[in-house]
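Okay, here's what each chain looks like letter by letter:
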Amino acid sequence: MIAGLIDYLFLVIKQFSARKMRTFLTMLAIGVGVGSMFLLVSFVLGLQDLVLHRIAPVETLSTADISPGNLSYINDSSFEQVAKMPLVNAAVPIIYLSGQASDDGGKAFADISVNATTPDYIKYDGIAVKEGRNFQQGQGECLITRAAIQLFSEPEMLGKYLNIRELIPANSNIANTSIPRVDGEVKVVGVLDNDEVPAVYIDIEKVKNVAPELNLSGIKISISDVSQINNLKEDIGEIGFEADAVYDMVEETSKLFNYIQAGFSLLGVIGLFVATIGMFNTMTISLLERTRDIGYMRAFGVSKQSVRSIFLTESALIGMGGGFLGIVIGLIVSIIINSSFRFLALKVGSEGFDLFIFKWWIILATLIFSILIGLITGIYPAKRASKISPLESIRYE
Amino acid sequence: MEREHYIVVEARNVTKQYSSVSESMALKEVTLKIRSGEFIILFGPSGCGKSTLLNIIYGLERPTKGEVYLREKKLFEMSERELDEVHRYKIGYVFQQFSFLRNLNVLDNVCLPKMFIGEPFNSRRKRAMQLLEELHLDQFSRRYPQELSGGQQQRVALARSQINNPRIMFFDEPTGNLDKKTGLHVMNMIRKMNRHSKKTVVMVTHDPSYLDYAHRVIYMQDGQIIKEKNNHRLMFLTAPKESK
């Protein structure tokens, strides 16, 4: 096989150039089939990426938000109770407050959400710190969302000081209607990637110092084993709280994606199957047309194996050509769709994402896969070709 | 017994029957010995079995009964590979009809018996070009065989049969599709091959005008050899020496 490989290629290329249109159409059919498979795979990868990395970064997958039920509240002891639960790796308290912030010179004044928490919250919540760094405890630092920046006159807030007045509400469990206040300056050390909610994240200690009895608004927990999430939810439910896990949403979404993937796969497989039948047909016609040629080749001492190899080379090359066309078609279609999505995203002012994701291994796998399909399709015609009797084919021409 | 060494091809009691039901036999108990360096013509009307005999001694067709020997070896006991090598290297065959690959040009068609065995492109093309030059066909090397005239095609077939320089040459009606003048031209080339290159030639024809070219004419009818005629004058000129 190896010794004659150049000759097989040579002969097959001659055959292709004698039948350019047919060869191209056969390859195109394979290409459309392979291309749809290619698109499917990159689409599924794109969706996975979208869900896992954009909507829910990896850290957030193993987290859950605990909120007080309608009739309960979270105090420090129930926080400890949650933190000690066996599946809970880490627990982060958060208190949502409202407040007013003014910038350095007191020029701009804005109503703003104030989230009092610990630095770990940022990590588990999966909000990206776009500029600067996370805040540190006990340093009088804060983070600010991009949405909040727009409330101030200055576009650059990093390193600036904000004067924040948090309004501490009366605790529902304490019959006290007074509203204490925390005033003070905090330094902006990081900007968060959030364009919707104007908010600052500050050190929870600052609030606790003023109002130690203040209930928590929620707890963010990191879970050691997400598959046990339902058990944990039950435990949390027993002490009267509710838990929402990102994992639940992702799981629901993945189920939907599985259906989409199955549907696409079916389409792809049908397309490829039809293309393969077409190729098989072409190979058979090509065989019939060349019965005479094969007869003479055999009569001049070309071996059965060589005849078989010629046909296998031909079908492998058709498969390869089809795979190449498929990759080109797949790339073109996905680039068009990706850029239109980006364009649309830009129009509505949100960050774009890629619906299709390419990996070099997909391209390589597609190519190998289509060569294999070609080879498999070629086995039968090649076998038939090698069985052609020289005399019969010469006599009955 | 001395002479046995010089027998290159031998058909022994070869019978060929195409259908077991029909009575007609294509060949009946044919025995034929072909000696090295001979020019033999199998002559007879169409349907007499001469082409069948040629195909059988070339190994394209299996006899119903009997044996064919190539030198001392039984042709039909050879492995497929050995038989392929016989067709590639040991016996050259020129068909009456168009026998080329239409997708390949003249040069590559001449190369065919050197293809698929790992022989480098350039060296075989060089050899093919030499052969084409000898037959004054070099200007057609890039053309396709179907674009050439019948006589040119036969010369290309001749070139192809020579590319591995086999010692034995078979011709099946090589002049069958040619006009008189071109036919003579091809015949002269065959004779040259026999005389100068000392090749054994077996030729099938139904045309009596070429019988003088042969050392021996085998007359066939109804699947049998009915007569054998030696052309002694020619034998003297080109037959191999009997001693040694």
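The following refers to the structure shown. Note that this is a predicted model, so its numbers are computed, not measured.

The subject of this paragraph is the pattern of salt bridges. Pairs can form between side chains of opposite charge whenever their charged atoms are close. Within the structure shown, the criterion is met by 25 salt bridges over all chains. For the salt bridge of A:Glu289 with A:Arg19, the shortest nitrogen-to-oxygen distance reads 3.3 Å. Placement of A:Glu289 in helix α9 (residues 246-289) and of A:Arg19 in the loop between α1 (5-18) and α2 (20-55) is noted, with a sequence separation of 270 residues between them. For A:Glu289, a relative accessible area of 36% gives the class partly exposed. With a closest N to O distance of 2.8 Å, B:Arg216 and B:Glu228 form a salt bridge. Here the residue B:Arg216 occupies a position in strand β9 (residues 216-221), and B:Glu228 occupies one in strand β10 (residues 224-230), the gap between them amounting to 12 residues. In this structure, a network of salt bridges that share partners links the residues B:Arg35, B:Glu38, B:Arg216 and B:Glu228.

Before going further, it helps to spend a moment on the interface of chain A and chain B. Of the residues lining the interface, 28 residues belong to chain A; the matching set on chain B comes to 31 residues. The interface formed by chain A and chain B includes 3 salt bridges. Here A:Lys304 makes a salt bridge to B:Glu80, at a shortest N to O gap of 2.9 Å. On inspection of chain A and its partner chain B, the count reaches 11 residue pairs in polar contact (both at pLDDT 80 or more). Those elements that provide at least two residues to the side of chain A that touches chain B are α1, α10 (291-299), α11 (304-347) and α13 (390-395) of chain A. Here the side of chain A that touches chain B takes 8 residues from α1(A), the largest share from any one element. Taken together, the residues that form the side of chain A that touches chain B break down as 15 nonpolar, 5 polar and 8 charged.

Here we take up helix α4 (residues 121-134) of chain B. Owing to its 3.6 residues per turn, the α-helix brings residues three or four apart onto one side. Here α4(B) spans 20 Å end to end across 14 residues, near enough to the 20 Å set by a 1.5 Å rise per residue. For α4(B), the full list of buried residues reads B:Arg124, B:Ala128, B:Leu131 and B:Leu132. Axial view of α4(B): buried residues confined to an arc of 100°, hence all on one face. When the buried face of α4(B) is taken as reference, the exposed residues oriented beyond 90 degrees from it are B:Asn122, B:Lys126 and B:Glu134. Its buried side turned inward, α4(B) meets α1 of chain A together with α3 (106-111) and α5 (150-162) of chain B. One or two residues past the end of α4(B) sits B:His136, with phi positive at roughly 55°.

The rules we used
Residues numbered from 1 in each chain as written. Chains lettered and ligands numbered in written order. Predicted model: local features only at pLDDT ≥ 70, side-chain atom pairs only at ≥ 80, totals over all residues. Heavy atoms only, no water. Salt bridge = Lys/Arg side-chain N within 4 Å of Asp/Glu carboxyl O. Helix = DSSP H or I, 4+ residues; strand = E, 2+ residues; numbered from the N terminus. Buried < 20%, exposed > 50% of the residue type's maximum accessible area, 1.4 Å probe, protein only. Contact = heavy atoms within 4.5 Å. Polar contact = N/O pair within 3.5 Å; in protein donor to acceptor, adjacent residues only side chain to side chain. Nonpolar A, V, L, I, M, F, W, Y, C, P; charged D, E, K, R; others polar. Expected span 1.5 Å × (residues − 1). Arc of directions from axis to C-beta.

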